[in-house]
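Topology and contacts: notes
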Amino acid sequence: MDQETFSAVDEFVAATVVAEDEALRAAVEAAEAAGLPSFQVSPPQGKLLQMLVRLVGARTVLEFGTLGGYSSILMGRALPEDGRLITLEANPKFAAVASASIARAGLGDVVEVRIGPALESLPGLEEEGAGPFDLVFIDADKVNTPNYFAWALDRTRPGGLIIADNVVRDGSLAEEDSDDPATQAQRQLHETLLEEPRVAATTIQTVGVKGYDGFLIALVDGA
Ligand code: DHB
Ligand code: MG
């Protein structure tokens, strides 16, 4: 098995069970045209996020890392009319591209893009009394994943989900001596969960158009 096969399968899945519509394609094209990195979740992964938002009956979603708004649009569409998704983006240019794509998708009233490093946006959310959240998707600067997770854990309702992207990192998650700070951050998050009674969690390895990676899914059970 090789990357070519993984990509071919993702493309087949994307052309069959996971059909992208015009607004999603436009979001990808706008991000490409503006020179954004193409780190957005793959279509099959995005569909899973969307289904998880529906499954938990989420009304309130928080996303760390907007990029071009692809996952924001998918999750935003799964919310009820009075639902709300707040998405945090450090890069003002990315945020502008995302806001335009989100508006084009008709989700301007549901999805709010907040500009600034997430750790600096969190006190503002706190002051507004944002949350508790039903689902939190962490997909921003990877060294801070454990910090975002810790913040989210205190503010996600029992029965809610916290999902972290890019935790497997080409398998380096298993390398105790990895010199990559982003990998060490994912290791630290996993080790923390060993002693965290409030969640039931698992990590699923993935292959596809985005190579070999994986995501962590934590169900908050409020123990
Ligand atoms: C990168 C970031 C992502 O969120 C992702 O899914 C893949 C790669 C990156 O920064 O390299
Ligand atoms: Mg990611």
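Right, let's walk through the structure included here. Everything numeric here is computed off the predicted structure, so don't read it as measured data.

Quick word on the overall build of the protein
- When you go through the protein residue by residue, the secondary structure sums to eight helices and seven strands.
- Against the globule reference of 17 Å for 223 residues, the protein gives a C-alpha radius of gyration of 17 Å, in line with a compact fold.
- With the principal axes as the frame, the protein shows a C-alpha extent of 50 × 45 × 30 Å.
- Out of the 223 residues in the protein, the part that is buried amounts to 51%.

Remarks on the side chain of aspartate 10
- With respect to the element layout, aspartate 10 can be found in helix H1 (residues 3-15).
- Of the buried charged residues, aspartate 10 lacks a salt bridge, with lysine 210 as the closest side chain of opposite charge at 9.2 Å.
- Aspartate 10 has contacts with Ser42, Pro44, Gly208 and Val209, leaving out every residue within four places of it along the chain.

Some remarks on the coordination of the magnesium ion (ligand 2)
- At 2.0 to 2.1 Å from the magnesium ion (ligand 2) lie its protein donor atoms, namely Asp139 (OD), Asp165 (OD) and Asn166 (OD1).
- Read from N- to C-terminus, the donor residues coordinating the magnesium ion (ligand 2) fall into the pattern D-x25-D-N. Residue aspartate 139 is found in the loop between strand S4 (133-138) and helix H7 (145-153), and its partner asparagine 166 is found in the loop between strand S5 (156-164) and helix H8 (181-194); the two are separated by 27 residues along the sequence.
- On the basis of relative accessibility, which here comes to 10%, the residue asparagine 166 falls in the buried class.

Re the site of ligand 1
- Taken together, Phe39, Asp139, Lys142, Asp165, Asn166 and Lys210 make up the full set of residues adjacent to ligand 1.
- A distance of 3.2 Å is found between an oxygen atom of ligand 1 and a side-chain nitrogen or oxygen belonging to aspartate 165.
- A total of 290 Å² of accessible area belongs to ligand 1 in isolation, and the protein chains cover 67% of it.
- Counted by class, the shell around ligand 1 contains one nonpolar, one polar and four charged residues.

Here's the deal with the environment of leucine 135
- Mapped onto the secondary structure, leucine 135 falls in strand S4.
- Owing to a relative accessible area of 0%, leucine 135 belongs among the buried residues under this scheme.
- Measuring from C-alpha to C-alpha, the distance between leucine 135 and isoleucine 115 comes to 20 Å, with 20 residues separating the pair along the chain.
- Residues contacting leucine 135, with those up to four places away along its chain left out, are Leu52, Val53, Val56, Thr60, Val61, Leu62, Met75, Leu161 and Ile163.

Here is what the cut-offs are and how they apply
Residues numbered from 1 in each chain as written. Chains lettered and ligands numbered in written order. Predicted model: local features only at pLDDT ≥ 70, side-chain atom pairs only at ≥ 80, totals over all residues. Heavy atoms only, no water. Helix = DSSP H or I, 4+ residues; strand = E, 2+ residues; numbered from the N terminus. Rg over C-alpha atoms; globule rule 2.2 N^0.38 Å. Buried < 20%, exposed > 50% of the residue type's maximum accessible area, 1.4 Å probe, protein only. Lys, Arg positive; Asp, Glu negative; His and termini not counted. Salt bridge = Lys/Arg side-chain N within 4 Å of Asp/Glu carboxyl O. Contact = heavy atoms within 4.5 Å. Donors = N, O, S within 2.8 Å, 3.2 Å for Na, K, Ca; no water. Near = heavy atom within 4 Å. Polar contact = N/O pair within 3.5 Å; in protein donor to acceptor, adjacent residues only side chain to side chain. Areas by Shrake-Rupley, 256 points an atom, 1.4 Å probe, with all protein chains shown as cover. Nonpolar A, V, L, I, M, F, W, Y, C, P; charged D, E, K, R; others polar.

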